[in-house]
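A structural walkthrough
As a plain string of letters, each chain reads:
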Amino acid sequence: MPMSEKNGQKVWQVRTTNAQLIRWGAWLVGLAAFLYSWKEISDNTLWFMMDNVGEVVADIAGRATPPAWSFITELGRPVWDTLAIATLGTIFALIMAVPVAFLAARNTTPSRIFVRPIALLVIVSTRSVNSLIWALLLVSIVGPGVLAGLIAISIRSIGFCAKLLYEAIEEINVVQVEAIKATGASPMQVMVYGIVPQIMPAFAGIAVFRWDINIRESTVLGLVGAGGIGLALQSSLNVLAWPKVSLILLVILVAVVIGEWVSAKVRGAII
Amino acid sequence: MLELQGLTKVYNTGDKALSDVTLSIPDGQVVALIGPSGAGKSTLIRCINRLVQPTSGSATLDDVNVTALGSAGLRKARRKMGMIFQEYALVERLTVMENVLSGRLGYVGFWRSLFRKFPQKDVDEAYRLLDRVGLLEMADKRADALSGGQRQRVGICRALIQDPSLLLVDEPTASLDPKTSRQIMRLIVELCTERGLAAIINIHDVALAQMFVQRVVGLKLGVVVFDGGPDDLLPEVLTDIYGEEDWEATIEKVDDEDEEV
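Predicted model, so just to flag it, every value in this text is computed and none were measured.

**Comments concerning the overall build of chain B**
For chain B, the count of helices and strands is 9 helices and 10 strands. In terms of overall dimensions, chain B is globule-like: its C-alpha atoms have a radius of gyration of 18 Å, near the 18 Å expected for 261 residues. When its C-alpha atoms are laid out on the principal axes, chain B stretches across 55 × 50 × 30 Å. Within chain B, the proportion of its 261 residues that are buried is 56%. Restricting the contact set of chain B to residue pairs at least 6 apart, pairs at least 24 apart contribute 70%. Here chain B displays about 11,200 Å² of accessible surface, and carbon together with sulfur accounts for 48% of that area.

Written out as C-alpha cells, the structure is:
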C-alpha cells in the first residue's frame, strides 16, 4: 500500500497518504489540547501570589537554617520505624505476591478462565490505590501507629511485585521446563527445578527495587498517622518549627540515598 | 522394545504433523530419524514421552502403553525415557551437578529434591557419569559457564542417570561445530551400546547419521517414507525425502579416525 508507481518507477513511503493525514491530525488535536489546558491553568492561577515568591522562599529558608541538629537524638526511633515499615512491608508483600504471580502467569495458572482473572484482580486492585490512602483507611481500622503503615505498604506492594514477577514467569525458557518434565518430575518439582531458578534474578531485582520504593513511601505515611518519620515531620510542620523540618527532610534524603545505593549494589550483584 | 502404532498428531491449527506412524524399535537399536524441517521429527519423539499429546495411536514401551497412562503413570513411564535436546535445555542457573541430578527427580520425593538431598547412590552415579563424559572437574560450575559441547554432555548425563531403556534425542548436534558434533554423536552411540539402550535420534546431518547408526527412518510431511540401513540411503531416497538436489557429495563416506571422544 505505501508503494505506488510513478512514471514506471516504484515509489515507496513509510505510510500511505491517509495514514499520514491521520497522524498530522492527531498531532494537531494534541497541540490544541495542550494550549487550551495551558490557558485554563493560567486563568485559574492567582498570579499576584507569585509576586513575592522569592521573598517567601527566602524567608522560610532563613527560618529553616541552620537545621536544629540537636533534634537528631529524637529522630533515631522514627527513622528505625520507617525502615522497619519498609523492610517488613516488602517481605510480607513478597510472601503474598509469589503465589498470586504463579496464579496469574499464563503458563503456570491452574485455570485461565477462573483463577487467572481473580489473581489479576488482586494485582490491579492493590496497585491502583496509593499507599497513603491505604494508610488512611487502616489508621481508622487498626488505629494510628506503625502497624497501619506496615499493612498499607504490604498491600500496596503486592500488586507491583506480583505483576513484575508474573511477567518474568511468562518469559521463562519453556525448553528447560520441558527437560525437567521429561525426567518424570512432579509438577511441584518442575516448578522448583525448571521455573524457580529462571525467575530468581527477576525476583531478587523486584524485591530490592520495591524495598527502595517503600523506603520513600513509608517516609510520608506518618503524615496520616501511620508511624515513622512522617509523624515527626507532621508535628514539626504543625508548630512551624522550621529548623526541625529542615533536619527531618535532610534525614529523609540521606535515608533514601542509602536505600537506593544498597538496592543498586544488590541488583548489580545479582544480575 | 518401543512400538509405535498408528501414531497421529493434528495440532489445534489443523496442521497434521504426524499421520499414522507405525514403527517398532527393538532393545539396543539406535535409529536416526531424518527429514526436512517441519516433517514432524520433533513432534514424533515428543509424542512418545507425551510432551506433546498425540491425537490418536499408541506408543508402547516395554509393554506399557504410554499413551493411555494417567499423570502418575506417565511420570513413572517418563523415567524410562531419557531425553536430549537441541539447545541442551540445561537449567542455566543451576550447577552441572544439580542438572545431572535433576534426572533423578522422578525417583526422589519433593522435599528431598527441594533441599538437594539426593540418595548417595544417585550422587555416586552422577559423579561416575560426569567422569565418563570427561566433565568431573566441572561438577560445581554453573551450567551457563560451559561450552556447547560440554553442555550437551551434561544433557546426556542427565538423560542417562534416569536409568532409561530408551533415549529420545532431538537434534543433538544442530548447535555444535562439526568436530564436536561427531564427538557427541559418537558418545551417544557408544553409551547406547554400553548400556544396551534403544535410541531415536532426530538429525539433519545425513552423513553424520550414516556414520553412526544402524537404521535410518525418513519422515516426510509426517509420513514414514523410508526405513532401512544407512547404506540404503541412495540419492533417489534422499530426493524422495527432501526433494531434488545433488546428493552424491552428501552421502560420500567420511573417514573418521583422527578424533577422540
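**Let's talk about the interface of chain A and chain B**
Contacts between chain A and chain B engage 18 residues on the former and 29 residues on the latter. When the buried surface of chain A facing chain B is broken down by residue, A:Thr183, A:Gln189 and A:Tyr193 rank first, second and third, together holding 31% of it. On inspection of chain A and its partner chain B, the count reaches 1 salt bridge. Salt-bridge contacts for A:Glu178 lead to B:Arg46; the nearest nitrogen and oxygen are separated by 2.9 Å. Inspection of the chain A/chain B interface yields 6 residue pairs in polar contact (both at pLDDT 80 or more). Elements represented by at least two residues in the side of chain A that touches chain B include exactly helix H7 (174-182) and helix H8 (187-221) of chain A. For the side of chain A that touches chain B, a count of residues per class yields 11 nonpolar, 5 polar and 2 charged.

**Observations regarding helix H6 (residues 148-160) of chain B**
For H6(B), spanning 13 residues, the distance from its first C-alpha to its last is 18 Å, which sits close to the expected 18 Å at 1.5 Å a residue. Burial analysis of H6(B) places 11 of its 13 residues in the buried class, which makes it a mostly covered element. The elements touched by buried residues of H6(B) are H7 of chain A together with strand S6 (81-84), helix H3 (96-101), helix H5 (120-132), strand S7 (166-170) and helix H7 (178-195) of chain B.

**With respect to the side chain of B:Arg79**
Mapped onto the elements, B:Arg79 comes out in the loop between helix H2 (71-78) and S6. Notably, B:Arg79 is buried but unbridged: the nearest opposite-charge side chain belongs to B:Asp163, and the N-O separation is 9.0 Å. Setting aside anything within four residues of it in sequence, one finds B:Arg79 in contact with A:Thr183, B:Gly106, B:Tyr107, B:Gln162, B:Asp163 and B:Pro164.

**Regarding the environment of A:Thr109**
Residues and elements named next belong to chain A. Its location among the elements puts Thr109 in the loop between helix H3 (76-104) and helix H4 (115-128). The sequence separation of Thr109 and Glu260 amounts to 151 residues, and the corresponding C-alpha distance is 34 Å. When residues no more than four places from it in sequence are discounted, the contact partners of Thr109 are Phe102, Leu103, Val115 and Arg116. Within the structure, the side chain of Thr109 is placed 2.5 Å from the backbone oxygen of Leu103, a separation counted as a polar contact.

**Let's talk about the sheet that holds strand S8 (residues 198-202) of chain B**
Residue and element names in this part refer to chain B. Strand order across the open sheet formed by 6 strands is S6-S7-S8-S3-S9-S10, with mixed pairing between neighbours. The sheet is open, and its two borders are formed by S6 and strand S10 (223-228), each paired with just one other strand. Ignoring which end each strand starts from, the neighbouring axes of this sheet average 20° apart. Two strands pair when backbone bridges link them, and strand S9 (residues 215-220) and S10 are joined in this way by 5 bridges, in the antiparallel orientation. For Val216, the partnering residue across the bridge sits in S10 and is Gly228. Strands in contact with H6 are S6 and S7; relative to S6, the strand with the most contacts, it is inclined by about 170°.

**Regarding the nonpolar core**
Of all hydrophobic cores here, the largest spans 85 residues; its most connected members are B:Leu167 and B:Ile188. Counting residues per element, this core draws most heavily on H8(A), at 8 residues. Setting aside residues no more than four positions away along its own chain, B:Ile188 makes contact with B:Ile84, B:Ile156, B:Leu167, B:Val169, B:Pro172 and B:Ile201. Judged by nonpolar contacts, the second largest core, of 33 residues, contains A:Ala179, B:Leu18, B:Leu23 and B:Ala59.

**Some words on the packing of helix H6 (residues 146-170) of chain A against H8(A)**
All names here are of chain A. Remark: H6 packs on H8, axes separated minimally by 9 Å, with the N-to-C direction vectors making an angle of 150°. One finds that H6 runs roughly antiparallel with respect to H8. In the packing of H6 onto H8, the handedness of the crossing is right-handed. Residues Gly149, Ile153, Arg156, Ser157, Phe160, Cys161, Leu164, Leu165, Ala168 and Ile169 of H6 lie in contact with H8, whose contacting residues are Ile195, Ile199, Ala202, Phe203, Ile206, Phe209, Arg210, Ile213, Asn214, Glu217, Ser218 and Leu221.

**Quick word on the pairing of S9(B)**
Residue and element names in this part refer to chain B. Counting buried positions over the 6 residues of S9 gives 5, a clear majority of the element. Pairing analysis gives 4 bridges linking strand S3 (residues 30-34) to S9, with the strands arranged parallel. In the sheet register, Val31 faces S9, and the bridge partner there is Arg215. A loop of 2 residues connects S9 with S10, the two strands running antiparallel in sequence, and Leu221 in this loop sits at a positive phi of about 50°.

**Digging into the pattern of salt bridges**
Residues and elements named next belong to chain A. Scanning all chains against the criterion turns up 24 salt bridges over all chains. Arg77 is the salt-bridge partner of Asp81, the closest N and O atoms lying 3.3 Å from each other. Taken together, the residues Asp81 and Arg77, both in helix H3 and 4 residues apart, mark about one turn of the helix. By sharing partners, the salt bridges in this structure join Arg106, Arg116 and Glu170 into a single network.

**Some remarks on the domain arrangement of chain A**
Quoted interface sizes are often the accessible area lost when the parts come together. Domain annotation for chain A reports domain 1 (3-45) and domain 2 (75-270). Computed over C-alpha atoms only, the centres of domain 1 of chain A and domain 2 of chain A are separated by 41 Å.

**Some points on helix H9 (residues 235-242) of chain B**
All names here are of chain B. Where H9 is concerned, the buried positions are Pro235, Val237, Leu238 and Ile241. The arc enclosing the buried residues of H9, seen along the axis, measures out at 155°, which places them on a common side. One or two residues past the end of H9 sits Gly243, with phi positive at roughly 110°.

Rules and cut-offs
- Residues numbered from 1 in each chain as written.
- Chains lettered and ligands numbered in written order.
- Predicted model: local features only at pLDDT ≥ 70, side-chain atom pairs only at ≥ 80, totals over all residues.
- Heavy atoms only, no water.
- Helix = DSSP H or I, 4+ residues; strand = E, 2+ residues; numbered from the N terminus.
- Rg over C-alpha atoms; globule rule 2.2 N^0.38 Å.
- Buried < 20%, exposed > 50% of the residue type's maximum accessible area, 1.4 Å probe, protein only.
- Contact = heavy atoms within 4.5 Å.
- Areas by Shrake-Rupley, 256 points an atom, 1.4 Å probe, with all protein chains shown as cover.
- Buried area = accessible area lost by both parts, 1.4 Å probe.
- Salt bridge = Lys/Arg side-chain N within 4 Å of Asp/Glu carboxyl O.
- Polar contact = N/O pair within 3.5 Å; in protein donor to acceptor, adjacent residues only side chain to side chain.
- Nonpolar A, V, L, I, M, F, W, Y, C, P; charged D, E, K, R; others polar.
- Expected span 1.5 Å × (residues − 1).
- Lys, Arg positive; Asp, Glu negative; His and termini not counted.
- Pairing = 2+ DSSP bridges.
- Axes fitted to C-alpha atoms, helices over the stretch in contact; angles between N-to-C directions.
- Core = buried A, V, L, I, M, F, W, Y, C linked by side-chain atoms within 4.5 Å.
- Parallel < 35°, antiparallel > 145°, perpendicular 65-115°, else oblique.
- Left-handed = near helix turned anticlockwise from the far one by under 90°.
- Domains from an automatic or database assignment.
- Arc of directions from axis to C-beta.

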